[in-house]
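Structure assessment
Each chain is listed here by its residues.
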Amino acid sequence: MTKKRPLSASSSSSSVQSHFWSGLKIVTSLSVFMCLFLLLSPQSSSPNAVRDKALEFGRRPVEPFFGTPKIAFLFLARSNLPLDFVWHFFFQNADEGTFSIYIHSEPRFVLDESTTKSSFFYGRQLTKRVHVAWGESSMIKAERLLFEAALQDPANRRFILLSDSCIPLHNFSYVYNYLMSSSKSFVDSFLDTKEGRYNPKMSPIIPKGKWRKGSQWITLIRKHAEIVLADDVVFPIFRKHCKRRPALDLGGNLIAQRVAQKEHNCIPDEHYIQTLLAMSELEDELERRTITYTSWNESATEMEGNRWHPMKFGYNDASPEHIKQIKDINHVYYETEYRTEWCHSNGTSVPCFLFARKFSPGAAMRLLRDGVVGPVDATALLT
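This one's a predicted model, so the numbers in the text were calculated from it and none came from an experiment.

Definitions and cut-offs
Residues numbered from 1 in each chain as written. Predicted model: local features only at pLDDT ≥ 70, side-chain atom pairs only at ≥ 80, totals over all residues. Heavy atoms only, no water. Buried < 20%, exposed > 50% of the residue type's maximum accessible area, 1.4 Å probe, protein only. Helix = DSSP H or I, 4+ residues; strand = E, 2+ residues; numbered from the N terminus. pLDDT = per-residue confidence, 0-100. Contact = heavy atoms within 4.5 Å. Salt bridge = Lys/Arg side-chain N within 4 Å of Asp/Glu carboxyl O. Pairing = 2+ DSSP bridges. Phe/Tyr/Trp six-rings, centres within 6.5 Å; stacked < 30°, edge-to-face > 60°. Lys NZ or Arg CZ within 6 Å of the ring centre and 35° of its normal. Core = buried A, V, L, I, M, F, W, Y, C linked by side-chain atoms within 4.5 Å.

For helix H9 (residues 272–279), the buried fraction is high: 8 of the 8 residues fall into the buried class. Residues of H9 that are buried: Tyr272, Ile273, Gln274, Thr275, Leu276, Leu277, Ala278 and Met279. Trailing H9 by a residue or two, glutamate 281 shows a phi angle of about 55°, which is positive.

Written out as structure tokens, the structure reads:
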């Protein structure tokens, strides 16, 4: 029987060295490959990734559309639409081929004959819905779901985000011509220099110089709606770092409470789309204003943490004189930029606002009786 010869110390050492160098070569090769891959692959986490994606959209040939362009009305509701009777008369005076309706409300809530007076809202709720909490990224998620659903119809060319307390200030024909005559989106957007909502942890993905604030109630052209839906860079950062700070009990010290509440107390829906479009270098494609009027009331004391609240219009506030004052507004002043935004559509001077919030049912009923949204048979309101 032949015995195996034992390995000598020198041959064993040579074998170990051989394995070491082979392993080192493999590790080095993998490292070089990974470096090249990272250099050549798109940097989804770089600040330029958003801009590059937007430029890609801008370079794409515009898909020809030969039908009648439609406006997509995107309602962000808690449950029902308490002002559905106003919108019923608004849509009743429109050609059904010129608008679409999409509604995001709480999961499991259904709009049907038992929950809404208007047949325009039957079956308009999104299949995919999320529970929405004020001041959290779930609000953005709901907005993106609305854009996702509306973009499936190629005829939708304008996308209006509305709350369940919004009312139209003009009839449908005026709104349609106003929006379709402009090639720009209407996005209230300005530098946020006072409130400290920017979280430094967002840097460098979201540079502080691109941080913007504005009204949640926007109107987008189709290209910009597609950019919002395609975003996979800015939204994850908002979801991670842009949150509402929970209430803190600091022993009754109101000043300390205010400071604690304000620190990075980011409200995503007032910053996300504005910041995304600024990072995409698209601000020259915007009318940097909202078309939805809100009356802000300083309804709390100087020492309290949350001072500003939107005024709710009651019956007496919806007088013809007050509504006319709103409809006659033709400019908006932005204090942080020392900028006066004169309201234009396609280069023509126009009234600033097409919609307004927050309206009570009583105030909305008065608007109908006064014929704000078009001719209405008063007796029809009683049925």
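Anyway, onward from the coordinates.
Let's shift gears to the confidence of the model for the protein. Low pLDDT marks stretches whose predicted atomic positions should not be read closely. Summing up the model confidence of the protein, the mean pLDDT is 82 and the portion of residues at 70 or higher is 75%. Note that residues 1–10 has pLDDT below 50 and, in this model, 0 contacts with residues that lie over four places away or in other chains. In this model, residues 35–44 is a region of pLDDT below 50 whose contacts with residues beyond four sequence positions or in other chains number 4 contacts.

Attention now goes to the pattern of salt bridges. All chains considered together, the criterion is met by 15 salt bridges. The partner of arginine 78 in a salt bridge is aspartate 164, and the shortest N-O contact between them spans 3.1 Å. One end of the pair, arginine 78, is in the loop between strand S1 (70–76) and helix H3 (84–92); the other, aspartate 164, is in the loop between strand S3 (156–163) and strand S4 (167–168), with 86 residues separating them in the sequence. What makes aspartate 164 buried here is its relative accessible area of 10%. Here arginine 212 and glutamate 283 are joined by a salt bridge, their closest N and O atoms 3.0 Å apart. Of this pair, arginine 212 sits in strand S7 (residues 212–213) while glutamate 283 sits in the loop between H9 and strand S9 (286–287), and the two are 71 residues apart along the sequence. Using a relative accessible area of 7% as the deciding quantity, one classes arginine 212 as buried. Under the relative-accessibility criterion, glutamate 283 is labelled buried at 19%. Through salt bridges with shared partners, a single network forms among Arg212, Glu283, Arg288, Glu337, Arg339 and Glu341.

Our focus in this paragraph is the sheet that holds strand S10 (residues 292–294). In space, the 3 strands of this open sheet follow the order S4-S17-S10, with mixed pairing throughout. Either end of the sheet is taken by a strand with one partner, and the two such strands are S4 and S10. Direction of pairing for S10 relative to strand S17 (residues 355–357): parallel, over a ladder of 3 bridges. Its bridge partner lying in S17, threonine 292 is registered against phenylalanine 355.

Scanning all chains against the criterion turns up 27 aromatic pairs. The interplanar angle of 80° and the centroid separation of 6.4 Å between the aromatic rings of phenylalanine 91 and phenylalanine 121 together place this pair among those described as edge-to-face. One end of the pair, phenylalanine 91, is in helix H3; the other, phenylalanine 121, is in the loop between strand S2 (99–104) and helix H4 (138–150), and 30 residues separate them in sequence. You'll find phenylalanine 91 and phenylalanine 121 in the same group, each marked buried. Linked through ring pairs, Phe73, Phe75, Trp87, Phe90, Phe91, Phe99, Phe120, Phe121, Phe172, Tyr176 and Phe355 together constitute an aromatic cluster. Looking at arginine 144, its charged tip hangs above the ring of phenylalanine 235, at a distance of 4.5 Å from the centre. The residue whose ring lies beneath arginine 339 is tyrosine 334, and the NZ or CZ to ring-centre distance is 4.2 Å.

Our focus in this paragraph is the nonpolar core. Nonpolar side chains in soluble globular proteins tend to be buried together. Counting 50 residues, the largest nonpolar core has Phe73, Phe75, Trp87, Phe91 and Phe359 as the members making the most contacts within it. Those elements that provide at least two residues to this core are S1, H3, S2, S3, helix H5 (172–180), helix H10 (320–327), S17 and helix H11 (361–369). If you tally residues by element for this core, the top one is H3, at 6 residues. Contact partners of phenylalanine 73, with chain neighbours within four places excluded, come to Trp87, Phe90, Phe91, Phe99, Ser100, Ile101, Tyr102, Ile160, Leu162, Phe172 and Phe355. With 45 residues, the next largest nonpolar core counts Leu126, Leu151, Phe235 and Ile273 among its residues.

With that settled, consider the pairing of S3. Where a strand is regular, its side chains alternate between the two sheet faces. Burial runs high along S3: 8 of the 8 residues are buried. When S1 meets S3, the two strands line up parallel, connected through 7 bridges. Bridge pairing in S3 links alanine 72 to phenylalanine 159. Bridge count between S3 and strand S8 (residues 219–221): 3 bridges; the pairing is antiparallel. Its bridge partner lying in S8, arginine 158 is registered against isoleucine 221.

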